[in-house]
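Residues per chain, in single letters:
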Amino acid sequence: DKEIKEIIEEHVLLRKLFTGIKNQVDMPAYLDVLGHTLEKHIRREDRILFPLIEEVADEDMLLSIAQLLNQG
């Protein structure tokens, strides 16, 4: 699905942005970009990804996801 692919690409971008914080000269501008990117991503996950997971995942799968998240 196109939306899921874009969400994954946003994860990659956000990792790069967070990793790049320490090398920034114009921190306020950088943090502004990071913040807007993160906000957009969170809204997309709330609007698209989470409802999709709720639609297709049964209770056992949701418990498995929760266990994986709690391990990290």
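Below or above, wherever it landed, is the structure these notes cover. (Residues numbered from 1 in each chain as written. Predicted model: local features only at pLDDT ≥ 70, side-chain atom pairs only at ≥ 80, totals over all residues. Heavy atoms only, no water.)

### Regarding the side chain of E45
Argument step 1. On the secondary structure map, E45 appears in helix α2 (residues 27-56).
Argument step 2. Buried and unpaired, E45 has R15 as its nearest opposite-charge partner, separated by 9.0 Å.
Argument step 3. With residues near it in sequence (within four places) discarded, E45 still touches I7, H11, F50 and P51. (Helix = DSSP H or I, 4+ residues; strand = E, 2+ residues; numbered from the N terminus. Buried < 20%, exposed > 50% of the residue type's maximum accessible area, 1.4 Å probe, protein only. Lys, Arg positive; Asp, Glu negative; His and termini not counted. Salt bridge = Lys/Arg side-chain N within 4 Å of Asp/Glu carboxyl O. Contact = heavy atoms within 4.5 Å.)

### With respect to the pattern of salt bridges
Argument step 1. The tally for this structure, following the rule as stated, stands at five salt bridges.
Argument step 2. Salt-bridge contacts for R44 lead to E3; the nearest nitrogen and oxygen are separated by 3.4 Å. Taken together, the residues R44 in helix α2 and E3 in helix α1 (residues 2-19) connect sequence positions 41 residues apart.
Argument step 3. When its relative accessible area of 12% is taken as the criterion, R44 is described as buried.
Argument step 4. Look at the salt bridges and you will find they share partners, linking K2, E3, E6, E10 and R44 into a network.

### Regarding the side chain of E10
Argument step 1. Among the structural elements, E10 can be located in helix α1.
Argument step 2. Residues in contact with E10, not counting those within four places in the same chain, are K40, H41 and R44.

### Observations regarding the packing of α1 against α2
Argument step 1. For the pair α1 and α2, interaxial distance at closest approach is 10 Å and the crossing angle is 150 degrees. As far as their axial angle goes, α2 and α1 are roughly antiparallel. Crossing angle aside, the handedness with which α1 passes α2 is left-handed. Residues E3, I4, E6, I7, E10, H11, L13, L14, K16, L17 and F18 of α1 form the contact with α2, whose own contacting residues are Y30, L34, T37, L38, K40, H41, R44, E45, I48, L49 and L52.
Argument step 2. Taken together, the residues of the contact of α1 with α2 break down into 12 nonpolar, three polar and seven charged. (Axes fitted to C-alpha atoms, helices over the stretch in contact; angles between N-to-C directions. Parallel < 35°, antiparallel > 145°, perpendicular 65-115°, else oblique. Left-handed = near helix turned anticlockwise from the far one by under 90°. Nonpolar A, V, L, I, M, F, W, Y, C, P; charged D, E, K, R; others polar.)

### Concerning a nonpolar patch on the surface
Argument step 1. A cluster of nonpolar side chains, contributed by M61, L62, I65 and L69, occupies part of the molecular surface with about 360 Å² of accessible area.
Argument step 2. Within the element layout of this structure, M61 appears in helix α3 (residues 59-71).
Argument step 3. With a relative accessible area of 43%, M61 lands in the partly exposed category. (Patch = residues over 30% accessible without salt bridge, like charges linked within 9 Å, V, L, I, M, F, W, Y side chains within 5 Å. Areas by Shrake-Rupley, 256 points an atom, 1.4 Å probe, with all protein chains shown as cover.)

Without other data, these values stay purely geometric and don't point to any function.
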